[in-house]
Amino acid sequence: MNIHEKYISRCIELGKLGIGNTYPNPSVGSCLVVDDKVIGEGYTSLAGGNHAEVNAINSVEDKSLLKLSTIYVTLEPCCHHGKTPPCVDKIIACGIKKVVIGIKDPNPLVCGKGIKKLKENGIEVISGVLKNECIEHHKRFLSYIINKRPYIILKWAQTTDGFIAPISKDVNKPYWISNTKSRQLVHKWRSEEQAILVGATTIREDDPRLTTRDWKGENCDIYIMSKSGLESHYKIFKQESKVTLLDDKIIDYNSEVVNQLCNLFYNDKILSIIVEGGTKTLNNFIENGIWNEMRIFKSKTNLGQGVNGPEINLIPEKTKNIDDDILEFYINKDFTFSNI
């Protein structure tokens with residue numbers, strides 16, 4: 001690993017600290033280095049706050065060192081006015097002479113313009129450092145900008161014999177297929193994504209809260225597919241999560257649903273979403289091939305009969321043991337961002 005890779009790797013670590021808290025902005029990481037020593041670090045603030053580069057610059061105690069420094073950043077610095085001034089202007093004003101970038105920003109408002117402005121002001125720019133790693137880190141933002149839809153994660157738990165729930169159950173006593181550690185991991189995932197999508201049947205049969213209560217982090221926005229609305233007594237309506245009911249006034253359920261959902265999420269500036277069930281909702285995305293990841297918990301439980309889970313004929317990218325559960329990860333190779 002060369003010096004540039006070393007510090008872009010550190011920027012990715014910093015950027016991870018903001019995931020789940022910066023939407024609809026990407027969670028960028030940045031650091032400033034002089035003579036192979038970090039003098040400042042930062043990552044993206046809450047939406048409307050400072051970007052990573054500004055936070056990194058502001059963290060430097062001795063500002064005279066800025067003219068001697070190289071600034072590293074996972075994503076091309078912005079060059080347009082939004083809720084904050086352009087980061088390139090801040091970099092130029094500080095006299096920084098070298099900028100090392102993980103990936104260019106495909107947003108048409110930036111898309112090479114930030115790099116161009118830096119170069120026009122005599123600043124050396126190196127880009128494409130740890131490109132694949134930065135693509136992975138910024139996958140949510142890239143999906144939103146390039147595919148004009150959120151990064152879509154399909155998640156469910158199923159028994160060894162392929163069921164996601166028993167045929168009948170007591171809504172007041174949830175039937176857990178996955179173990180406690182697996183369920184806590186799901187809460188961590190929720191803290192990282194912007195929204196959750198479920199069908200109305202999942203709400204009526206499970207009465208879930210869909211919160212991050214077992215992990216530190218903000219609750220997701222919740223979207224519920226329900227042609228005719230939903231009664232107000234469910235737990236989902238008795239907490240602070242933003243809930244949107246997708247009834248037949250919002251979605252035409254007699255037409256193709258998934259593209260309508262993607263357009264709606266795009267217009268709502270949703271960068272990432274976890275689809276948590278049920279089988280019909282999950283199958284809508286699987287059958288249309290519109291998804292980025294599947295994360296499937298497989299327990300050692302056998303039900304004998306129950307509600308069938310989605311059927312897929314894919315080989316997992318990787319598996320992970322979580323106590324007695326097996327977690328399988330699948331990646332949709334039809335949606336990659338290697339051409340940016």
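Our subject is the structure that appears above.
I will try to describe carefully the structure that is included in this document. (Residues numbered from 1 in each chain as written. Predicted model: local features only at pLDDT ≥ 70, side-chain atom pairs only at ≥ 80, totals over all residues. Heavy atoms only, no water.)

Turning next to the sheet that holds strand S4 (residues 98-103). What the five strands build is an open sheet, ordered S2-S1-S3-S4-S5; its pairing is mixed. Each edge of the sheet is formed by a strand with only one pairing partner; in this case those strands are strand S2 (37-43) and strand S5 (124-127). When strand polarity is set aside, the average angle formed by the axes of neighbouring strands in this sheet is 20 degrees. Pairing analysis gives five bridges linking strand S3 (residues 70-75) to S4, with the strands arranged parallel. By the bridge assignment for S4, Thr70 is matched with Lys98. (Pairing = 2+ DSSP bridges. Helix = DSSP H or I, 4+ residues; strand = E, 2+ residues; numbered from the N terminus. Axes fitted to C-alpha atoms, helices over the stretch in contact; angles between N-to-C directions.)

We now examine the pattern of salt bridges. Where charged atoms from two side chains of opposite charge come close, those side chains can pair. Taken as a whole, this structure holds 15 salt bridges when the rule is applied. Note that Glu276 is salt-bridged to Arg190, the shortest N-O span being 2.9 Å. Taken together, the residues Glu276 in the loop between strand S11 (272-275) and helix H10 (279-288) and Arg190 in helix H7 (residues 180-192) connect sequence positions 86 residues apart. Arg190 matches Glu276 in its accessibility class, with the two residues each being buried. A salt bridge links Glu328 to Lys298, with the nearest nitrogen and oxygen atoms 3.2 Å apart. Taken as a pair, Glu328 in strand S15 (residues 325-331) and Lys298 in strand S12 (residues 293-298) lie far apart in primary sequence, 30 residues in all. Note on Glu328: relative accessible area 11%, which makes it buried. Look at Lys298 and you get partly exposed, because its relative accessible area is 28%. A single network of salt bridges, built from pairs that share partners, joins Glu136, Lys139, Glu293 and Arg295. (Salt bridge = Lys/Arg side-chain N within 4 Å of Asp/Glu carboxyl O. Buried < 20%, exposed > 50% of the residue type's maximum accessible area, 1.4 Å probe, protein only.)

Right, let's get into the sheet that holds strand S9 (residues 221-225). Read across the sheet, eight strands follow the order S10-S9-S8-S11-S6-S12-S15-S14 without closing on themselves; strand pairing throughout is mixed. In this open sheet, the two edge strands, each paired with only one partner strand, are strand S10 (243-246) and strand S14 (318-322). For this sheet, the mean angle separating the axes of adjacent strands, direction not counted, is 20 degrees. Across four bridges, strand S6 (residues 151-158) lies against S11 in parallel orientation.

Take the packing of aromatic side chains next. Inspection of the entire model under this criterion finds four aromatic pairs. Here Tyr7 and Tyr72 contribute two aromatic rings whose centre-to-centre distance is 5.4 Å and whose plane-to-plane angle is 45 degrees, an arrangement assigned as tilted. With Tyr7 in helix H1 (residues 3-16) and Tyr72 in strand S3, this pair connects stretches of sequence that are 65 residues apart. The same class applies to Tyr7 as to Tyr72, namely buried. With a centroid separation of 5.5 Å and an interplanar angle of 25 degrees, the aromatic rings of Trp189 and Phe297 are classed as stacked. With Trp189 in helix H7 and Phe297 in strand S12, this pair connects stretches of sequence that are 108 residues apart. The pair Trp189 / Phe297 is uniform in exposure class, with both members buried. Lying over the aromatic face of Trp176, Arg183 brings its terminal NZ or CZ to 4.4 Å of the ring centre. Directly above the ring of Phe329 sits Lys318, whose terminal nitrogen or CZ lies 5.0 Å from the centroid. (Phe/Tyr/Trp six-rings, centres within 6.5 Å; stacked < 30°, edge-to-face > 60°. Lys NZ or Arg CZ within 6 Å of the ring centre and 35° of its normal.)

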